[in-house]
Protein chains: 2
Amino acid sequence: MRLKSGLFATAALAVMLPGVARADEGMWTFDAFPAARMKQAYGWAPDQAWLDKTRAAAVRLTGGCSASFVSDMGLILTNHHCVATCVEENSTGSNNILVTGFTARTPGEEKKCAGQQAEVVTSIRDVTAAVKGAIGTASGAAAVAARNAAAARLEAEGCTDKATTRCQVVSLYGGGQYKLYTYRKYSDVRLVWAPEAQAAQFGGDPDNFNFPRYSMDASFLRAYENGKPVTTPAFLKWNPRAPQDGEATFVVGNPGSTQRLLTMDQLAFQREVALPISLTTQSELRGRLISAMKESPEKAREGAETLSGLENGLKVTIGRVKALNDPAFTARLAAAEADLKRRSAGNAAIGDPWSAISAATVAQRNSHIERSFATPSSQLFGYALALVRAASERQKPDAERLPGFSTSALPLLEKSVTDERPITPWIEQLRMEWSLSKAREYLGADHPQTKLLLGRESPEALSARLVSGTRLGDASVRKALWDGGAAAVAASTDPLIVYARSIDANARALQKRYDAEVDAPLISARAKLADARFAAYGDSNYPDATFTLRISYGKVQGWTEAGRPVPTRTVLGGTFDRATGAEPFDLPKAFVANQARIDKNVTYDFVTTNDIIGGNSGSPVIDKAGTVIGAAFDGNIHSLGGNYGYDGTLNRTVVVSTAAVQEALEKIYPAPNLVAELRGRRR
Amino acid sequence: MRLKSGLFATAALAVMLPGVARADEGMWTFDAFPAARMKQAYGWAPDQAWLDKTRAAAVRLTGGCSASFVSDMGLILTNHHCVATCVEENSTGSNNILVTGFTARTPGEEKKCAGQQAEVVTSIRDVTAAVKGAIGTASGAAAVAARNAAAARLEAEGCTDKATTRCQVVSLYGGGQYKLYTYRKYSDVRLVWAPEAQAAQFGGDPDNFNFPRYSMDASFLRAYENGKPVTTPAFLKWNPRAPQDGEATFVVGNPGSTQRLLTMDQLAFQREVALPISLTTQSELRGRLISAMKESPEKAREGAETLSGLENGLKVTIGRVKALNDPAFTARLAAAEADLKRRSAGNAAIGDPWSAISAATVAQRNSHIERSFATPSSQLFGYALALVRAASERQKPDAERLPGFSTSALPLLEKSVTDERPITPWIEQLRMEWSLSKAREYLGADHPQTKLLLGRESPEALSARLVSGTRLGDASVRKALWDGGAAAVAASTDPLIVYARSIDANARALQKRYDAEVDAPLISARAKLADARFAAYGDSNYPDATFTLRISYGKVQGWTEAGRPVPTRTVLGGTFDRATGAEPFDLPKAFVANQARIDKNVTYDFVTTNDIIGGNSGSPVIDKAGTVIGAAFDGNIHSLGGNYGYDGTLNRTVVVSTAAVQEALEKIYPAPNLVAELRGRRR
């Protein structure tokens, strides 16, 4: 695990500008690959044809992951943890394919993944002038509205074929650039192969973000259209070989979000306010879930994926807290800021964006708790709020809608709301109880927002009433409300719809205040910071991650931990040595059954210096020849500070090798048709 | 709730030296009350007779609270939350006195409180020369051992009558002073009166550390000896009247621990390392407990007190995190440090203790995780480790024993180990699982200490084996092992004893390393800091809290919160307005039943500027006449930063008034005999 991004819906406009990239640092856009720089360091760099071919095979999964086509029949390589929810949702009590693993012997057996969409970039167009022109001299909430309206218009104009294309305006370099990304989209994605969860998750949370590692975190999907596998002539050649120490590697994927050029004031807000609250509340949720799952084997099964995602996110938070509480780490960031200030001194066109950001950060501090606890956390409530808001927003012209409800964004929203998907009521209840009780704790019992959220009910009683009373778990009910629009939503007596209606105005008001007091000042200040950075350092910069396609170059290399060298790779046989028999270090059943046949010396997982972050999960790891030799599935513990800055001596990408996946496909979870397809032989 | 100290066992030697006390700041020792300073501010100050009389009536409870005698028959006033564990342990399924409240109609009905001991200071002797002489020029672990040995010797010599006296050497001003406290102790303490838990805990965790408040957090105990109530001629006169705005108040009690003169390096260790780990792990435990308690009404009842204590402690941690992440707050502390450095510059006798402390703090950072996760958390395991260690330590001369196992400390330890006390196995299991899984998480699966703690078992399986297999829940089994000493413990096959034996050496080694690398350098450096502070600021200082008797002066006064004035007091009738019917804002049953009779205008809770901290729970709040007008039971949210510094504009003590308790004794939870006794009429 687990570099899945939790941010896909909101990442597009959340940006920051990096400093001068060093060593293998950088999540580069395909139109600005630093070929000269790489050539200097590695004696070789890819040419345009290599880049074009690779880009065309790169896939973004709307679940928050990356992937790649590895055959011309729409076959997609990604991580197991990127499809685990799909595997779980396709499991039943009697046929738990999350536990057993899954191999579709024929296309007919391939299983639909709810809410999943595969997307391939087909063009990138610079729309900076259009967006900046629309913003003009507007300030406050008007500037935010103008920016959003321009983006909505450009997206609508760019994608007239809504069935197969998606358009997204992305703000890069903190508003220094705006680009219109066009994607070919595949809305029907199906599960082809998944190993046992225990093979993917061996070592569980204790080993997550650690190395050495023994994880088969790989899986295959297939893109469909009109009920048939799609044809994908642009794909990466499958190359099941061991990596060589020091060889160059490329990671091509969609890093979700980095915050590498937050100012020191913004970092202080993270360290002093936002992160401690996350740490505290998420840890409590983890504890609530762990205990609830002990009540029965069913609950243990039903909660597993939620817990895994939660623990992954919590570890990310813990890593960030650690990084921002490391004086040496923050001193480097402070030095970088001081350097930029020095170089920008006296430049009237730049002025003092740091002070403007500082003022916005004060406003952010003041509204953080109210914004954090504006709505309860639950999938069912998420449906309710999306339905209530969509009903209202769809009545407005594009330019006046909330972001996420523009014409270009609606198809994916509709899919995510109306796709059939199992709901686990006790998890809904647990999450809602937790989030409402945290709202009361942080706001205080006397705060008007607490009274709005709870009335005279307790978090427990309110959650029970809403979860047990709602019918939104039924996809057809959601579909009817979506199709019925404003009239249907207004007439609904579903308790969750009623509740969402009652608290939406306050949440919108908080957002509006945030737009005016925080987002708007940042639009102009960050654009100025971007200008300052380009003036000071030229174009040896890359934009912060935005869950859009990037390429990172690096090499196969271990690191040194507390004076001790950490090896570059593990081998399959190491799994047997590490297993204790006790969860989560119990051997996968198929490993036990096939122990004699498995080649113990096959490279299992390996590490590289590539600069990645959450959202890169499932990214192909590509060699100089352009063939795929692994799938990135994790970073080491030092990669978590990578949110704020890349440290090439420590930060590592963790990869499952194609060699190990090949061994699994041949001997552990046999899939002869898949092996043939990967070899380029038609079935 | 909840200013109970969790630190009584270890607080005696944990000290720091304060800066110049301002306004009502200060937790003063009785031998250094700043009468002139108070007189200047208030136009009046208590004389020596007032101080002596008050001191003689002040009671320390070994459960971590403060209290006072309020009749000549050993009657003790304290908080409900200080006796809640006793009330719960005396409850049964059919007679849940925690829920119903409790009134002993005769002395014969008064109920023993396991592990509870009442202590009254009878003398304080300066032993600085003896301890410093014993340390001499020793350094490293030898200095720690010499200090501990000297303390053990002085305590043993000071208290020859172990049945009725207790001696404790306390380090004040960071080792600038050592004092030998002698106590008259009462080992048999019984419950006399407690209101419904819901009356004491109204508002629950949401209202904890907040104000306005509606809490009957009061209770009465009685000290016994030889099966009879003891005679206590020194007691405070009960004065059930409303406080007057602005009137002077004294809080006399045992603040557990403050850290007001940690250096900036030590504060950074707290903020950057220690507190985030506490926040994360304690929050998860909270969540685990909350979910487990939902499984059945029995579990809800059985877990209530554990959860309440945990949430209280967590809120303290959250408050500390907030304080240390408040740049304005830490800037004041930094300025104070800078001022002291400036005033000490060039003083060769002082040198640079800050650098020595900084170096010790580096060592502390490096060993913090190992020390934090050296042993599992569980009451049963605590018994096992105490038995294993006592067996070994008792064979050594006093001077060579671990602190806490000296001759003077053994009687209370024996009492706490051998007192009968109900054990809740599922809570034991839950805590142990949690703490062992956190050990693995923070140390990593490959750390030798993880392997020592877990072997090849999972945290879950190991905990289940130990908790289900041990017989240490039976007090007679513990008594036999205690009496049997080293031979019995060595021969025991009880799985928890076996386990404690197996991990004790590592825990001891960690402690030894800590003594040498952290504690020893601090002994001399902090003594030098104390010298620096006295040289710079004279004696307008008070020692950091050490769970020893202190007196604070202040006044009845509200404060301003976010521009809004917070009133000085609440009235009983406010409870009915605040109640929502939903837990924890549901009305106590007896409030409902007696609503018509209750005088709604009686002062319920009030706030004062007194400077207190955890351990002060139950402290009498005394007026100029020396009569008791309330019991301190909490601080406001700003008081949590009081661990590091007192802010007189915001920091408030929260008190339940004697007027409200009197109303309760007369109309809500009637106790006519108690009313008579408080009025000075013999039964």
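Numbers given to residues run from 1 along each chain, matching the order in which its sequence is written. As they are written, the chains are lettered A onward and the ligands numbered 1 onward, keeping that order. In keeping with the predicted nature of the model, local features appear solely for residues at pLDDT of at least 70, side-chain atom pairs appear and are counted solely at 80 or more, and the whole-chain, interface and lining totals rest on all residues. Side-chain metrics in this entry use all non-hydrogen atoms of the structure; hydrogen atoms and water are not considered.

**As for the overall build of chain A**
Right, so step 1: What counts as a helix is a DSSP run of H or I of at least four residues, what counts as a strand is a run of E of at least two, and both are numbered from the N terminus. Secondary structure summary: chain A contains 23 helices and 20 strands in total.
Right, so step 2: Taking 683 residues into account, the globule formula puts the C-alpha radius of gyration at 26 Å, and chain A, at 24 Å, falls close to it.
Right, so step 3: By principal-axis analysis of the C-alpha atoms, chain A measures approximately 65 × 65 × 50 Å.
Right, so step 4: A sequence separation of at least 24 residues applies to 81% of the contacts in chain A between residues at least 6 apart.
Right, so step 5: Computed over 79 positive and 71 negative side-chain charges, the separation of the two mean positions in chain A equals 2 Å. Within these notes, the globule rule equals 2.2 Å times the number of residues to the 0.38 power, and the radius of gyration is based on C-alpha atoms. Residues are treated as being in contact if the distance between any of their heavy atoms lies within 4.5 Å. The convention is simple: Lys and Arg are positive, Asp and Glu are negative, and His and the chain ends are not counted. The atoms used to mark charge sites are NZ of Lys, CZ of Arg, CG of Asp and CD of Glu.

**Side note on the sheet that holds strand 16 (residues 569–571) of chain A**
Backbone hydrogen bonds are what pair the strands of a sheet, in a parallel or an antiparallel way.
All names here are of chain A.
Right, so step 1: Strands are labelled as partners when DSSP assigns at least two bridges between them. The 7 strands lie next to each other as 13-12-18-19-20-17-16, forming an open sheet whose pairing is antiparallel. This sheet does not close on itself; its edge strands, each paired only once, are strand 13 (550–555) and strand 16. Strand-to-strand, the axes of this sheet are offset by a mean angle of 30 degrees, without reference to chain direction. Working convention: axes come from line fits to C-alpha atoms, limited for helices to the stretch in contact. Angles between N-to-C directions cover 0 to 180 degrees.

**Brief notes about the domain arrangement of chain A**
Residue and element names in this part refer to chain A.
Right, so step 1: We note that the domain assignment places domain 1 (11–117 + 187–259 + 544–678) and domain 2 (264–537) within chain A.
Right, so step 2: The distance between the C-alpha centroids of domain 1 and domain 2 comes to 28 Å.
Right, so step 3: Between domain 1 and domain 2, the contact holds 35 residues from the first and 31 residues from the second.
Right, so step 4: Only one rule defines a salt bridge in this text: a Lys or Arg side-chain nitrogen within 4 Å of an Asp or Glu carboxyl oxygen. On inspection of domain 1 and its partner domain 2, the count reaches 2 salt bridges.
Right, so step 5: In this structure, the salt-bridge partner of Arg-421 is Glu-89, at a minimum N-O distance of 2.9 Å. Domain delimitation follows an automatic or database domain assignment.

**Considerations on the pairing of strand 13 (residues 248–253) of chain B**
Regular strands place side chains that alternate from one sheet face to the opposite one.
Residues and elements named next belong to chain B.
Right, so step 1: Burial classes follow relative accessibility: with a 1.4 Å probe on protein chains only, a residue under 20% of its type's maximum area counts as buried, one over 50% as exposed, and anything between as partly exposed. Of all 6 residues in strand 13, 6 are buried, a share of seventy percent or more.
Right, so step 2: By the alternation rule, side chains of strand 13 split into Ala-248, Phe-250 and Val-252 and Thr-249, Val-251 and Gly-253, which are all buried.
Right, so step 3: Bridge analysis of strand 13 against strand 19 (residues 620–622) gives 2 bridges, and the strand direction is antiparallel. Across the sheet, Val-251 pairs through a bridge with Val-621, a residue of strand 19.

**Things to note about the pattern of salt bridges**
Right, so step 1: Overall, the coordinates contain 94 salt bridges over all chains when judged by the stated rule.
Right, so step 2: Here Asp611(A) ties to Arg260(A) by a salt bridge, and the two come within 2.7 Å at their closest N and O atoms. Pair noted here: Asp611(A) is in the loop between strand 17 (603–608) and strand 18 (620–622) and Arg260(A) is in the loop between strand 12 (248–253) and helix 9 (264–293), with a separation of 351 residues, a long-range link.
Right, so step 3: According to the relative accessible area criterion, Arg260(A) is buried, its value standing at 6%.
Right, so step 4: Residue Arg508(A) pairs with Glu393(A) through a salt bridge whose shortest N-O separation is 2.8 Å. Taken as a pair, Arg508(A) in helix 19 (residues 495–537) and Glu393(A) in helix 13 (residues 379–393) lie far apart in primary sequence, 115 residues in all.
Right, so step 5: The exposure class of Arg508(A) is partly exposed, given its relative accessible area of 22%.
Right, so step 6: Each of Asp205(A), Arg286(A), Lys294(A), Glu311(A), Glu284(B), Arg288(B), Glu433(B), Lys438(B) and Glu441(B) takes part in salt bridges that share partners, so that together they form one network.

**Structural notes on the interface of chain B and chain A**
Interface size, as often reported, equals the accessible area lost upon joining of the parts.
Right, so step 1: Taken together, the contact pairs 42 residues of chain B with 42 residues of chain A.
Right, so step 2: Together chain B and chain A conceal approximately 3300 Å² of surface at their shared face, both sides included; 51% is due to carbon and sulfur atoms.
Right, so step 3: Area buried by chain B at its contact with chain A is led by Asn325(B), Glu441(B) and Arg456(B), which between them contribute 15% of it.
Right, so step 4: Where chain B meets chain A, there are 8 salt bridges.
Right, so step 5: Asp446(B) is the salt-bridge partner of Arg578(A), the closest N and O atoms lying 2.7 Å from each other. Here the buried area means the combined drop in accessible surface, using a 1.4 Å probe, for two parts upon being joined, counting both sides.

**Observations regarding the packing of helix 5 (residues 128–135) of chain A against helix 6 (residues 140–158) of chain A**
Residues and elements named next belong to chain A.
Right, so step 1: With their axes 8 Å apart at the nearest point, helix 5 and helix 6 run at an angle of 145 degrees to one another. In terms of crossing hand, the pair formed by helix 5 and helix 6 is right-handed. Where helix 5 abuts helix 6, its residues Ala-130, Val-131, Ala-134 and Ile-135 lie against Ala-143, Ala-146, Arg-147, Ala-150 and Leu-154.
Right, so step 2: Taken together, the residues of the contact of helix 5 with helix 6 break down into 8 nonpolar, no polar and 1 charged. Left-handed describes a crossing whose near helix is turned anticlockwise from the far helix by less than a right angle; the clockwise case is right-handed. All residues other than Ala, Val, Leu, Ile, Met, Phe, Trp, Tyr, Cys, Pro, Asp, Glu, Lys and Arg, Gly among them, are scored as polar; the first ten of these are nonpolar and the last four charged.

**Comments concerning the state of the cysteines**
All names here are of chain B.
Right, so step 1: Criterion for a disulfide: a pair of cysteine sulfur atoms at a distance within 2.5 Å. Going through the model one piece at a time under the given rule, you end up with 6 disulfides over all chains.
Right, so step 2: Disulfide partner of Cys-65: Cys-82, at an S-S distance of 2.1 Å. One disulfide, between Cys-65 and Cys-82, carries an S-S torsion of -85 degrees and so falls in the left-handed class. Here Cys-82 lies in helix 3 (residues 80–89) and Cys-65 lies in strand 2 (residues 65–69), a separation of 17 residues in the sequence. Here Cys-65 and Cys-82 have matching classes, each one buried.
Right, so step 3: The disulfide bridge from Cys-159 ends at Cys-167, spanning 2.0 Å between sulfur atoms. Taking the sign of the S-S torsion, 85 degrees for the link of Cys-159 and Cys-167, the bridge is right-handed.
Right, so step 4: Classification of Cys-167 by relative accessible area gives buried; the value is 2%.
Right, so step 5: Each bonded cysteine of chain A is numbered by sequence order, and under that numbering the disulfide pairs are 1-2, 3-4, 5-6.

**Considering the confidence of the model for chain A**
The predicted coordinates should not be examined in detail at positions where pLDDT is low.
Residues and elements named next belong to chain A.
Right, so step 1: The quantity called pLDDT is the predictor's confidence in a given residue, expressed from 0 to 100. Looking at chain A, the pLDDT average stands at 93 and 97% of residues meet or exceed 70.
Right, so step 2: Across residues 6–19, where pLDDT falls below 50, the model places 50 contacts with residues more than four positions away in sequence or in other chains.
Right, so step 3: Both scores are available for the predicted complex, with the pTM at 0.92 and the ipTM at 0.91.

**Section: the relation of the copies chain B and chain A**
Right, so step 1: Least-squares superposition aligns the copies on the C-alpha atoms of those residues with pLDDT at or above 70 in both. Overlay of chain B on chain A (RMSD 0.0 Å): rotation 180 degrees, translation along the axis 0.0 Å. Both chain copies can therefore be described as sitting about a two-fold axis.
Right, so step 2: A shared interface surface links the copies, since 100% of the contact residues of chain B are contact residues in chain A too.

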